[in-house]
Amino acid sequence: MQAVIAGGMIGLGLLIVFAELFPGPPRLDAALAELDGTHGPAKAADAGGRLAVRLARLPVPYDDLALLGISVERFTLQRVGFLLFGLLAPTPLSLVSGMAGVPLPWVIPAGAGVLLGGLFALIPDYAARTQARERRQEFRAALATYLDMVALERAAGAGPPQALQAPAEICTGWVFAQISQVLEHARRAGEQPWRGLADLGERVGISELTELADIAEDAGSEGTQVLSTLLAKAQSMRTTALTDARAKANSRTSEMPVAIGISVFGFLMLVCFPAVYRIMS
């Protein structure tokens, strides 16, 4: 048991040393707050905030977390939790082997704990990237509809701010809720609405929102050309989504023979095992 705890502590120490030797880029808001001599939002965090800030130096998918609505501190705590779980995972095996009278050398549980800790620490990253990829597909599908409605508002004679705001207020769903929120925030701050869309696109990694903001910014000078641009952009997004869906379907179809072959092989092994066992006996 002491060997397992020692191995876990060694793995955690190696992680901290790695984080200190290879620090990630600082967050922009924290750097600006330090230059201004003020304290950013992270300074007001609780006692566990310092540990979260320290571990946040490791690579963090900020765009994915912003799209999923997960804070960096929560993501860091998830990563630490999975890391500790992986470090302590060999403990039951070490206890069982000790009770069976075959104690394992301390190198085996320690090495296994470090390896599993590193692998388990990657689970939150993989989960966040996978969920963010699916949500970006949903976002782009809803954004194509939003572009069509903005084009209809422009065709009806609405100005760029009204054309951007009206569809977000009518439609429902988390995508339109985020768009309406940033537009409302820009209105209260006295900024142009397309700046809010551009900021949202940069924050969640949706380049189409930034392009929509550029189109809306040029709406005052280009008139009807903007209408055709919006419709063309919506059609392009639908074509891209359809192409991606077909590619995903084709990849899953090509993977089916492999899965079927593995299932048939497992079934044959299950059927033939008793006969082979009797022959070998």
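Residues numbered from 1 in each chain as written. Predicted model: local features only at pLDDT ≥ 70, side-chain atom pairs only at ≥ 80, totals over all residues. Heavy atoms only, no water.

## Brief notes about helix α7 (residues 107–121)
What sets the pattern is the α-helix's 3.6 residues per turn: residues three or four places apart point alike. To keep it simple, the criterion reads: Strands here mean DSSP runs of E at least two residues long; helices mean DSSP runs of H or I at least four residues long; both are numbered from the N terminus. In this scheme, a helix's expected span is set at 1.5 Å multiplied by one less than its residue total. Relative accessibility thresholds used throughout: buried, under 20% of the residue-type maximum; exposed, over 50%; partly exposed, between the two (1.4 Å probe, protein chains only). By construction, the arc corresponds to the directions joining the helix axis to the C-beta atoms.
Look at α7: 21 Å from first C-alpha to last across 15 residues, which is about the 21 Å you get at 1.5 Å a residue. Among the residues of α7, those classed as buried are Pro109, Ala110, Gly113, Gly117 and Ala121. An end-on view of α7 places all buried positions within 100° of arc, on one side of the element. Opposite the packed face of α7, turned more than 90 degrees from it, sit the exposed residues Val107 and Leu115.

## Notes on the nonpolar core
Counted only if it meets this: Remark: nonpolar core denotes a set of buried residues (Ala, Val, Leu, Ile, Met, Phe, Trp, Tyr, Cys) joined through side-chain atoms within 4.5 Å. Contact definition: two residues touch when any of their heavy atoms are within 4.5 Å.
Grouped together as the largest cluster of nonpolar side chains are 39 residues, with contacts concentrated most on Phe139, Leu143, Tyr146, Ile179 and Leu197. Counting residues per element, the ones that place at least two in this core are α4 (62–68), α5 (72–88), α8 (123–155), α9 (160–170), α10 (174–188), α11 (193–204), α12 (207–217) and α14 (224–280). With 10 residues, the top contributor of residues to this core is α8. Once residues within four sequence positions are removed from consideration, isoleucine 179 is found in contact with Phe139, Leu143, Tyr146, Ala168, Leu197 and Leu200.

## Considering the side chain of aspartate 64
Within the element layout of this structure, aspartate 64 appears in helix α4. When neighbours within four sequence positions are excluded, aspartate 64 is seen to be in contact with Ala128, Arg129, Ala132 and Arg136.

## Remarks on the pattern of salt bridges
Using the following cut-off: Put simply, a salt bridge is a Lys or Arg side-chain nitrogen that is within 4 Å of an Asp or Glu carboxyl oxygen.
As enumerated under the stated definition, the model contains six salt bridges in all. Among the salt bridges present, the one from arginine 136 reaches aspartate 64, with a minimum N-O distance of 2.7 Å. Of this pair, arginine 136 sits in helix α8 while aspartate 64 sits in helix α4, and the two are 72 residues apart along the sequence. With a relative accessible area of 13%, arginine 136 lands in the buried category. Two residues, arginine 187 and glutamate 184, come together in a salt bridge whose shortest N-O distance is 2.3 Å. Placement of both arginine 187 and glutamate 184 in helix α10 is noted, with a separation of three residues, approximately one turn of the helix. Accessibility expressed as a relative area gives 54% for arginine 187, which makes it exposed.

## Comments concerning the confidence of the model for the chain
Heads up, the condition is: Summary of the metric used: pLDDT quantifies the predictor's per-residue confidence within the range 0 to 100.
Across the chain, the average pLDDT comes to 74, with 75% of residues at or above 70. Counting interchain partners and residues more than four positions distant, the pLDDT-below-50 stretch residues 20–24 has four contacts. Every residue in residues 33–49 is under pLDDT 50, and counting partners more than four places away or in other chains gives four contacts.

## What to know about the packing of aromatic side chains
Quick reminder of the rule: Ring pairs are drawn from Phe, Tyr and Trp, using the six-membered ring of Trp, whenever the two centres fall within 6.5 Å, and their geometry is named by plane angle: stacked under 30 degrees, edge-to-face over 60, tilted for the rest. Charges are assigned to positions over rings by a cutoff of 6 Å between ring centre and Lys NZ or Arg CZ, combined with an angular limit of 35 degrees from the ring normal.
Following the criterion strictly, the structure yields three aromatic pairs and no others. Their ring planes at 70° and their centres at 5.8 Å tell us that phenylalanine 139 and tryptophan 174 sit as a pair that is edge-to-face. Here the residue phenylalanine 139 occupies a position in helix α8, and tryptophan 174 occupies one in helix α10, the gap between them amounting to 35 residues. Over the aromatic face of tryptophan 174 sits the side chain of arginine 135, whose NZ or CZ is 3.8 Å from the ring centroid.

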